[in-house]
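# Per-entry structural report
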Amino acid sequence: MRAQFIGWPEKAMDVLWQLQGEPTHATRERYRADRERLVRQPMIALLNEVADTDPRYEDFSVWRYRTDSWWWQHQGAVIRLGRKIEIGLRFSLDGLRIQGAWWYPDPGQVDMFRKAVASEGSGRELSAIVEDVRKKGYDISGDVMKRPPRGYPTDHPRMSLLRHRSLIAARPLGCEEWLHTPEAVDRVLSAAADLDALLMWLVRHVKRAA
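Per-chain numbering applies: the sequence of each chain, read as written, is numbered from 1 onward. In keeping with the predicted nature of the model, local features appear solely for residues at pLDDT of at least 70, side-chain atom pairs appear and are counted solely at 80 or more, and the whole-chain, interface and lining totals rest on all residues. Values shown for side chains rest on all heavy atoms present in the structure; no hydrogens or waters enter the calculation.

## Topic: the overall build of the chain
- On a plain count of helices and strands, the chain comes out with seven helices and six strands.
- Ordered by position in the sequence, the α and β elements of the chain form the string α-α-β-α-β-β-β-α-α-β-α-β-α.
- When its C-alpha atoms are laid out on the principal axes, the chain stretches across 60 × 35 × 30 Å.
- In the chain, buried positions account for 48% of the 210 residues.
- As displayed, the chain offers around 11,100 Å² of accessible surface, 49% of which is attributable to carbon and sulfur atoms.
- The distance from the centre of the 33 positive side-chain charges to the centre of the 29 negative ones in the chain is 7 Å. Going along the chain from the N terminus, every DSSP run of H or I of four or more residues is numbered as a helix, and every run of E of two or more is numbered as a strand. Categorising residues by exposure relies on relative accessible area from a 1.4 Å probe, with only protein chains included: less than 20% of the type maximum marks a residue as buried, more than 50% marks it as exposed, and the intermediate range marks it as partly exposed. Each accessible area value is a Shrake-Rupley result obtained with a 1.4 Å probe; residue values ignore everything except the protein chains displayed when judging cover. Residues scored as positive are Lys and Arg, those scored as negative are Asp and Glu, and His as well as the terminal groups of each chain are ignored. One atom stands in for each charge, and that atom is NZ of Lys, CZ of Arg, CG of Asp or CD of Glu.

## Quick notes on the pattern of salt bridges
- The salt bridge definition used is simple: a Lys or Arg side-chain nitrogen within 4 Å of an Asp or Glu carboxyl oxygen. Counted by the stated rule, this structure contains 17 salt bridges.
- Put simply, Asp54 and Arg56 hold a salt bridge, and the shortest N to O gap is 3.0 Å.
- Classification of Arg56 as partly exposed rests on a relative accessible area of 36%.
- The shortest N-O distance in the salt bridge between Glu125 and Arg204 comes to 2.9 Å. One end of the pair, Glu125, is in helix α5 (residues 120-135); the other, Arg204, is in helix α7 (residues 183-206), with 79 residues separating them in the sequence.
- For Arg204, a relative accessible area of 48% puts it in the partly exposed group.
- Each of Asp132, Lys136, Arg171 and Asp194 takes part in a single network of salt bridges with overlapping partners.

## Some words on the sheet that holds strand β1 (residues 60-62)
- Between any two strands, pairing holds if DSSP finds at least two bridges. Within the open sheet, the six strands sit side by side as β1-β2-β3-β4-β6-β5. Their pairing is antiparallel. Both outer strands of the open sheet, β1 and β5 (139-141), are each paired with one neighbouring strand and no more. In this sheet, neighbouring strand axes are inclined to one another by 20° on average, regardless of whether the strands run parallel or antiparallel. All axes are obtained by fitting lines to C-alpha atoms, using only the stretch in contact for helices, and the reported angles, taken between N-to-C directions, cover 0 to 180 degrees.

## Quick look at the packing of helix α4 (residues 109-118) against α7
- Where α4 meets α7, the axes come as close as 9 Å, and the angle between the chain directions of the two elements is 110°. With respect to each other, α4 and α7 are oriented roughly perpendicular. The way α4 lies across α7 gives a crossing that is right-handed. Contact residues: α4 offers Gln109, Met112, Phe113, Ala116 and Val117, while α7 offers Trp201, Leu202, His205 and Val206.
- Polar here means any residue other than Ala, Val, Leu, Ile, Met, Phe, Trp, Tyr, Cys and Pro, which are nonpolar, and Asp, Glu, Lys and Arg, which are charged; Gly is therefore polar. Looking at side-chain class alone, the contact of α4 with α7 contains seven nonpolar, two polar and no charged residues. Note that the term roughly parallel is reserved for angles under 35 degrees, roughly antiparallel for angles over 145, roughly perpendicular for angles of 65 to 115, and oblique for everything else. Crossing handedness is defined as follows: a turn of the near helix away from the far one that is anticlockwise and smaller than a right angle gives a left-handed crossing, while the clockwise case is right-handed. Whether two residues touch is decided by their heavy atoms; if any such pair falls within 4.5 Å, the residues are in contact.

## Things to note about α4
- Those residues of α4 that fall on the buried side of the exposure criterion are Gln109, Val110, Phe113, Arg114, Ala116 and Val117. Seen from one end, α4 has its buried residues packed into an arc of 165°, which puts them on one side.
- On its buried side, α4 packs onto β4 (95-102), α5, α6 (159-162), β6 (167-174) and α7. Taken from the helix axis, the directions to the C-beta atoms give the arc we talk about.

## Re the environment of Val50
- The topology assignment puts Val50 in helix α2 (residues 25-53).
- Each C-alpha atom, one on Val50 and one on Ala192, is 9.8 Å from the other, the two residues being 142 residues apart in sequence.
- The contact partners of Val50, leaving out residues within four places of it in the chain, are Tyr57, Ile79, Val185, Val188 and Leu189.

Geometric values such as these leave the question of function open.
So, in C-alpha coordinates, the structure goes:
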(Lines give C-alpha, C1' and ligand atoms only; values in the text may rest on other atoms or scores of the structure.)
Protein backbone atom coordinates (compact mmCIF):
# COMPACT_ATOMS: atom_id res chain seq x y z
CA MET A 1 0.00 0.00 0.00
CA ARG A 2 1.35 3.41 -1.00
CA ALA A 3 2.29 5.73 1.86
CA GLN A 4 0.20 8.87 2.26
CA PHE A 5 2.10 12.13 2.50
CA ILE A 6 1.56 13.75 5.89
CA GLY A 7 4.61 16.01 5.84
CA TRP A 8 8.24 15.52 6.71
CA PRO A 9 8.54 14.47 10.36
CA GLU A 10 10.35 16.98 12.54
CA LYS A 11 12.87 14.23 13.27
CA ALA A 12 13.91 14.43 9.61
CA MET A 13 15.70 17.67 10.45
CA ASP A 14 17.52 15.94 13.33
CA VAL A 15 18.78 13.27 10.92
CA LEU A 16 20.01 15.84 8.41
CA TRP A 17 21.70 17.77 11.20
CA GLN A 18 23.67 14.66 12.17
CA LEU A 19 24.86 14.36 8.56
CA GLN A 20 26.26 17.90 8.29
CA GLY A 21 29.90 18.58 7.53
CA GLU A 22 31.83 15.52 6.38
CA PRO A 23 30.16 12.59 8.13
CA THR A 24 32.19 9.42 8.38
CA HIS A 25 31.12 6.23 6.68
CA ALA A 26 30.09 4.87 10.08
CA THR A 27 27.90 7.92 10.73
CA ARG A 28 26.22 7.60 7.34
CA GLU A 29 25.49 3.94 7.92
CA ARG A 30 24.15 4.67 11.41
CA TYR A 31 21.60 7.11 9.99
CA ARG A 32 20.92 5.44 6.64
CA ALA A 33 17.67 3.72 7.69
CA ASP A 34 16.35 6.81 9.49
CA ARG A 35 17.22 9.02 6.53
CA GLU A 36 15.44 6.68 4.15
CA ARG A 37 12.31 6.55 6.33
CA LEU A 38 12.16 10.18 7.48
CA VAL A 39 13.67 12.11 4.54
CA ARG A 40 13.55 10.18 1.26
CA GLN A 41 10.28 8.27 1.63
CA PRO A 42 8.25 11.44 2.41
CA MET A 43 9.60 12.98 -0.82
CA ILE A 44 8.32 9.94 -2.74
CA ALA A 45 4.94 10.22 -1.04
CA LEU A 46 4.79 13.95 -1.81
CA LEU A 47 5.50 13.45 -5.51
CA ASN A 48 2.98 10.62 -5.76
CA GLU A 49 0.29 13.00 -4.50
CA VAL A 50 1.48 15.75 -6.85
CA ALA A 51 1.23 13.28 -9.74
CA ASP A 52 -2.25 12.20 -8.62
CA THR A 53 -3.34 15.83 -8.91
CA ASP A 54 -1.78 16.40 -12.36
CA PRO A 55 -0.84 13.43 -14.59
CA ARG A 56 1.80 15.58 -16.34
CA TYR A 57 3.90 15.12 -13.20
CA GLU A 58 3.90 11.31 -13.21
CA ASP A 59 7.45 10.86 -14.56
CA PHE A 60 9.53 11.56 -11.47
CA SER A 61 12.63 10.23 -9.74
CA VAL A 62 13.78 10.63 -6.14
CA TRP A 63 17.54 10.38 -5.75
CA ARG A 64 19.29 7.89 -3.52
CA TYR A 65 22.66 8.39 -1.84
CA ARG A 66 26.09 8.85 -3.36
CA THR A 67 29.59 9.01 -1.94
CA ASP A 68 29.57 12.83 -1.82
CA SER A 69 28.26 14.01 1.56
CA TRP A 70 26.18 16.72 -0.15
CA TRP A 71 23.78 14.05 -1.41
CA TRP A 72 23.21 12.82 2.12
CA GLN A 73 22.47 16.34 3.33
CA HIS A 74 20.07 17.25 0.49
CA GLN A 75 17.21 15.10 -0.76
CA GLY A 76 16.70 15.78 -4.44
CA ALA A 77 13.98 14.80 -6.88
CA VAL A 78 12.99 15.66 -10.44
CA ILE A 79 9.76 15.65 -12.42
CA ARG A 80 10.47 15.24 -16.14
CA LEU A 81 8.29 17.22 -18.53
CA GLY A 82 10.33 16.96 -21.73
CA ARG A 83 13.80 16.15 -22.96
CA LYS A 84 16.12 17.95 -20.48
CA ILE A 85 13.13 19.95 -19.17
CA GLU A 86 12.14 19.31 -15.57
CA ILE A 87 10.95 20.51 -12.21
CA GLY A 88 13.52 19.94 -9.49
CA LEU A 89 12.82 19.73 -5.76
CA ARG A 90 15.35 19.74 -2.93
CA PHE A 91 14.71 19.17 0.77
CA SER A 92 17.41 20.08 3.30
CA LEU A 93 17.94 21.88 6.59
CA ASP A 94 17.14 25.08 4.67
CA GLY A 95 13.69 23.72 3.85
CA LEU A 96 12.22 23.00 0.44
CA ARG A 97 13.48 24.51 -2.81
CA ILE A 98 11.97 24.29 -6.29
CA GLN A 99 13.28 25.04 -9.74
CA GLY A 100 12.08 24.77 -13.29
CA ALA A 101 14.94 24.02 -15.64
CA TRP A 102 16.01 23.31 -19.17
CA TRP A 103 19.66 22.31 -18.80
CA TYR A 104 22.40 19.94 -19.97
CA PRO A 105 20.88 20.28 -23.46
CA ASP A 106 21.14 17.68 -26.16
CA PRO A 107 22.97 18.63 -29.38
CA GLY A 108 20.67 20.84 -31.41
CA GLN A 109 18.51 22.03 -28.52
CA VAL A 110 20.40 25.29 -28.04
CA ASP A 111 19.88 26.16 -31.71
CA MET A 112 16.18 25.37 -31.39
CA PHE A 113 15.96 27.58 -28.31
CA ARG A 114 17.71 30.49 -30.01
CA LYS A 115 15.53 30.28 -33.12
CA ALA A 116 12.42 30.40 -30.94
CA VAL A 117 13.81 33.33 -28.94
CA ALA A 118 14.71 35.24 -32.11
CA SER A 119 11.27 34.65 -33.64
CA GLU A 120 9.07 37.65 -32.94
CA GLY A 121 6.03 35.79 -31.64
CA SER A 122 7.61 33.06 -29.50
CA GLY A 123 10.46 35.32 -28.44
CA ARG A 124 8.20 38.06 -27.12
CA GLU A 125 6.15 35.40 -25.37
CA LEU A 126 9.19 34.01 -23.56
CA SER A 127 10.39 37.47 -22.54
CA ALA A 128 7.03 38.19 -20.93
CA ILE A 129 6.96 34.80 -19.22
CA VAL A 130 10.46 35.20 -17.78
CA GLU A 131 9.63 38.67 -16.47
CA ASP A 132 6.45 37.35 -14.84
CA VAL A 133 8.32 34.48 -13.18
CA ARG A 134 10.98 36.90 -11.96
CA LYS A 135 8.32 39.12 -10.40
CA LYS A 136 7.02 36.10 -8.49
CA GLY A 137 10.35 35.85 -6.70
CA TYR A 138 12.26 33.36 -8.83
CA ASP A 139 15.94 33.78 -9.63
CA ILE A 140 16.62 33.39 -13.35
CA SER A 141 19.94 31.79 -14.21
CA GLY A 142 21.59 29.26 -16.49
CA ASP A 143 24.67 28.73 -18.60
CA VAL A 144 25.03 32.16 -20.21
CA MET A 145 27.59 33.07 -22.88
CA LYS A 146 29.64 36.19 -22.26
CA ARG A 147 29.55 37.04 -25.97
CA PRO A 148 26.57 37.22 -28.33
CA PRO A 149 26.05 33.96 -30.24
CA ARG A 150 27.15 33.94 -33.85
CA GLY A 151 24.52 34.66 -36.46
CA TYR A 152 22.49 37.11 -34.37
CA PRO A 153 22.81 40.91 -34.36
CA THR A 154 24.50 42.22 -31.23
CA ASP A 155 21.67 44.72 -30.73
CA HIS A 156 18.91 42.09 -30.84
CA PRO A 157 16.18 43.13 -28.33
CA ARG A 158 16.29 39.68 -26.68
CA MET A 159 20.05 39.24 -26.66
CA SER A 160 20.05 38.52 -22.91
CA LEU A 161 17.96 35.41 -23.62
CA LEU A 162 19.82 34.48 -26.79
CA ARG A 163 23.04 34.13 -24.78
CA HIS A 164 21.48 31.36 -22.66
CA ARG A 165 22.54 27.74 -23.22
CA SER A 166 20.27 26.66 -20.39
CA LEU A 167 17.48 28.38 -18.49
CA ILE A 168 16.63 27.93 -14.81
CA ALA A 169 14.04 29.60 -12.58
CA ALA A 170 14.43 28.77 -8.89
CA ARG A 171 13.38 29.91 -5.44
CA PRO A 172 13.20 28.56 -1.89
CA LEU A 173 9.70 27.65 -0.72
CA GLY A 174 10.66 28.02 2.93
CA CYS A 175 11.26 26.09 6.11
CA GLU A 176 8.08 26.80 8.05
CA GLU A 177 5.70 24.51 9.93
CA TRP A 178 3.83 23.55 6.75
CA LEU A 179 6.78 21.34 5.76
CA HIS A 180 5.65 18.94 8.47
CA THR A 181 2.05 18.83 7.23
CA PRO A 182 0.15 17.78 4.08
CA GLU A 183 0.08 21.47 3.11
CA ALA A 184 3.47 20.93 1.46
CA VAL A 185 1.64 19.30 -1.48
CA ASP A 186 -0.33 22.48 -2.12
CA ARG A 187 2.83 24.58 -1.80
CA VAL A 188 4.57 22.49 -4.45
CA LEU A 189 1.56 22.56 -6.78
CA SER A 190 1.30 26.34 -6.42
CA ALA A 191 4.98 26.78 -7.27
CA ALA A 192 4.64 24.38 -10.21
CA ALA A 193 1.80 26.57 -11.47
CA ASP A 194 4.14 29.59 -11.26
CA LEU A 195 6.57 27.74 -13.52
CA ASP A 196 4.03 26.20 -15.87
CA ALA A 197 4.07 28.82 -18.64
CA LEU A 198 7.89 28.81 -18.77
CA LEU A 199 8.20 25.03 -18.81
CA MET A 200 5.43 24.55 -21.36
CA TRP A 201 7.09 27.12 -23.64
CA LEU A 202 10.27 25.08 -23.41
CA VAL A 203 8.40 21.83 -24.03
CA ARG A 204 6.88 23.30 -27.19
CA HIS A 205 10.10 24.74 -28.56
CA VAL A 206 13.10 22.70 -27.35
CA LYS A 207 11.82 19.37 -26.08
CA ARG A 208 13.45 17.41 -28.91
CA ALA A 209 16.97 17.57 -30.21
CA ALA A 210 17.32 18.70 -33.82
